[in-house]
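Each chain, letter by letter, is given below.
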Amino acid sequence: MESLDKVFDVIVVGAGTGGATAARFAAQNGLDVCLLDRKPRNEIGSKICGDAVGKEIFTLLNIKPPRGEELSCPIIGAKLYPPNREKCIEMKDPKQTGYIIDRIKFGQRLLKEALEAGVNTFLDNTMALDLVYTNKIVSGVKIKLENGEKVDLKSKIVIDASGLYSPLRKKIESDIIEKEISDTDAILCYREIVTFPKQDQEVQDPQYISIILDQEKAPGGYIWYFPKDDHSLNIGLGVYMNYGGKVKDLYKKHVYNEFINASEVKILSSGGGVAPVRRPLWSCVDNGIMFVGDAAFQVNPLHGGGIDPSMRGGYYAALTAASAIESGDYSMEKLWDYNCKVMINFGAEFAALDLLRRVLQSLSNSDLNFGLQKDLLTASEILQIAETGDLTLSLWDMAFKAFKGIMRPDLLLDLNYLRLRMNEIAKIYKHFPKTSKTFPQWKERVREQYKKIEKMIIDLKSNRK
Ligand SMILES: Cc1cc2nc3c(=O)[nH]c(=O)nc-3n(C[C@H](O)[C@H](O)[C@H](O)COP(=O)(O)OP(=O)(O)OC[C@H]3O[C@@H](n4cnc5c(N)ncnc54)[C@H](O)[C@@H]3O)c2cc1C
């Protein structure tokens, strides 16, 4: 192992999808990178997950798509069901195609490719404990090595990709980084990977991922039914964090017992996890540090998918790091460009979806059944909308059309109001401030949109009573 008594250009904490991507592109840009993870090398990539990832990210970053043992099965679309499952919205377009992956094999490959790209130092079994500061600027990470020794590792820039419960985010001395996530902005999940003899049970729609909305069986979240192959499934559910019961019991009752009927079932993997479902951190940077992936709440708020955005975040952070190192300036102002890239490229979409998610969580099963059962959405319309590339509008159109004709005009008005707020917040994000100086005013404008939606949800609930 190389000497640790030096100043790295970049220390990347966490070698998951976000960290491995950040390290790879930082190394490709010629930076001296140290990548570390608390897990042993052969476990990097393992994670309780739905294992679904879209195609787009591989083209965008020019990374080979999953193949061979890494690929469980290709996916050609998504099916969204209301609680009574009498009808589904089928989405079959380039945006919905992708893969179900073998999570650990995929993670191992990303790690291998990062190391091949030139990461100079890789430390596994190494725990990041805290940040090191010089003159109030982050200048490294306090770590505990495999042998128990504690060391201050020094760097020009730290990229934190250590996941939702990042110890570094919690300890940062910052006015603009939120340390904690609210319980209402995350969902608690439980899932199993099950396999059964082919003749015992058929996997339904083996080329689609299926999502079932149901406020009683999966309050505040949804049930997922993802094929692994023709005789295995990744199946689970997500619910409100403060649901108050055991999520595993809900899974057994409403997922396993309802969807698995084979007599011989092997559970290959099981476990729970927490997925953030909100817009990204207000700011993903401060002096000498950038946050990537789950550590920065960079997830799609509608379904909790975070593999793609963590890889995008890692890529953008690496580009910003390369430019900062070249200029010799690692201040928040210099790193601010990373915020701009995140907020403009996917933060805008995620902020709009965050508003939609909040409203969907407040709808009842009968609202969902009625809305989704109406045959008001065609596959060609979705394709047309998807082609415009405006996901905010396309999702709104989906929600609006699905609810058109509802016997509750108040709900229609609410959804129209939601559309306006989604458009407005996306616009505000697209004009993310180029420097931190006007950031407080920008933040206030975002807050106003949230307040308006919160008020709408309160009114919607009280009208229902
Ligand atoms: C149940 C569930 C299902 C999901 N399903 C999907 C899905 O189908 N598709 C999808 O796209 N997303 C899904 N997600 C979300 C997705 O898994 C995450 O968004 C994504 O993995 C985030 O990647 P990351 O690199 O930011 O963090 P992680 O993958 O969590 O990686 C963080 C890394 O940091 C390391 N680490 C943590 N703490 C320290 C420390 N102190 N010191 C050193 N190393 C540390 C960890 O060991 C880990 O390797 C799901 C999430 C859950 C919980």
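Here is what the cut-offs are and how they apply
Residues numbered from 1 in each chain as written. Predicted model: local features only at pLDDT ≥ 70, side-chain atom pairs only at ≥ 80, totals over all residues. Helix = DSSP H or I, 4+ residues; strand = E, 2+ residues; numbered from the N terminus. Buried ≥ 20, exposed ≤ 12 C-beta atoms within 10 Å, placed from the backbone. Contact = placed C-beta atoms within 7 Å. Near = placed C-beta within 6 Å. Nonpolar A, V, L, I, M, F, W, Y, C, P; charged D, E, K, R; others polar. Domains from an automatic or database assignment. Expected span 1.5 Å × (residues − 1). Bend = angle between axes of the 7 residues up to and from the residue. Core = buried A, V, L, I, M, F, W, Y, C linked by C-beta atoms within 7 Å. Pairing = 2+ DSSP bridges. Axes fitted to C-alpha atoms, helices over the stretch in contact; angles between N-to-C directions. Parallel < 35°, antiparallel > 145°, perpendicular 65-115°, else oblique. Left-handed = near helix turned anticlockwise from the far one by under 90°.

Student: Can you explain the overall build of the protein chain? Please cite residues and give values.
Tutor: Looking only at helices and strands, the protein chain has twelve helices and 18 strands in total. In the protein chain, which comprises 465 residues, the share counted as buried stands at 48%. Here the contacts in the protein chain between residues at least 6 apart in sequence split such that 73% fall between residues at least 24 apart.

Student: Hey, could you go over the site of the ligand for me, with residue numbers and the actual values?
Tutor: Every one of the 40 residues lining the ligand counts as a neighbour, but Gly 14, Gly 16, Gly 50, Gly 293 and Gly 306 are closest to it. Counting only elements with at least two residues in the shell around the ligand, the list comes to α1 (17-28), β3 (52-54), β9 (127-134), β12 (186-195), β16 (266-276) and α6 (307-327). The residue makeup of the shell around the ligand, split by class, is 18 nonpolar, 14 polar and eight charged. In this structure, the shell around the ligand is formed jointly by two domains, domain 1 (7-51 + 102-179 + 278-330) and domain 2 (183-276), each of which donates at least three residues.

Student: Describe in detail helix α7 (residues 332-361), supporting the description with residues and values.
Tutor: In a regular helix each residue adds 1.5 Å, so 30 residues correspond to 44 Å; α7 covers only 36 Å between its end C-alpha atoms and thus falls short of that length. Along its length, α7 shows its largest kink, about 55°, at Gly 347. Among the 30 residues of α7, 22 are classified as buried, and the element is accordingly described as predominantly covered.

Student: Any details on the nonpolar core? Residues and values, ideally.
Tutor: Counting residues in each nonpolar core, the largest one holds 125 residues, and the members touching the most others are Val 33, Ile 159 and Met 290. It is α7 that provides the largest number of residues to this core, a total of 15 residues. Those residues in contact with Met 290 that lie beyond four places of it in its chain are Ile 157, Ile 159, Cys 284, Val 285, Ala 317, Thr 320, Leu 335 and Tyr 338.

Student: Give a detailed account of the environment of Val 119, specifying residues and quantitative values.
Tutor: Examined against the element boundaries, Val 119 turns out to sit in the loop between α3 (103-116) and β8 (121-123). A count of 24 C-beta atoms within 10 Å places Val 119 in the buried class. Between the C-alpha atom of Val 119 and that of Asp 32, which follows or precedes it by 87 residues, the distance is 7.0 Å.

Student: Which residues make up α6, and what values do they have?
Tutor: Taking 1.5 Å per residue, 21 residues should reach 30 Å; α6 reaches 31 Å between its end C-alpha atoms and fits that length. Residue Gly 328 follows α6 closely and has a positive phi angle near 75°.

Student: So what about the sheet that holds β16? Which residues, and what values?
Tutor: Spatially, β6-β5-β13-β14-β15-β12-β16 is the arrangement adopted by the seven strands of the open sheet, whose pairing is mixed. Each edge of the sheet is formed by a strand with only one pairing partner; in this case those strands are β6 (89-91) and β16. Strand-to-strand, the axes of this sheet are offset by a mean angle of 15°, without reference to chain direction. Bridge count between strand β5 (residues 77-81) and strand β13 (residues 208-212): five bridges; the pairing is parallel. Within β13, the position partnered with Tyr 81 by the bridge is Ile 212. Across the face of the sheet, helix α5 (residues 247-259) comes into contact with β12, β14 (222-229), β15 (232-240) and β16 while running at roughly 140° to β15.

Student: I'd love a proper account of the packing of α1 against α3, names of residues and values included.
Tutor: For the pair α1 and α3, interaxial distance at closest approach is 8 Å and the crossing angle is 20°. Between α1 and α3, the interaxial angle falls into the category roughly parallel. Like other packed secondary-structure pairs, α1 and α3 cross with a definite hand, here left-handed. On the side of α1, the interface is formed by Thr 17, Ala 20, Thr 21, Ala 23, Arg 24 and Ala 27, while α3 contributes Gly 107, Leu 110, Leu 111, Glu 113 and Ala 114. Taken together, the residues of the contact of α1 with α3 sort by class into six nonpolar, three polar and two charged.

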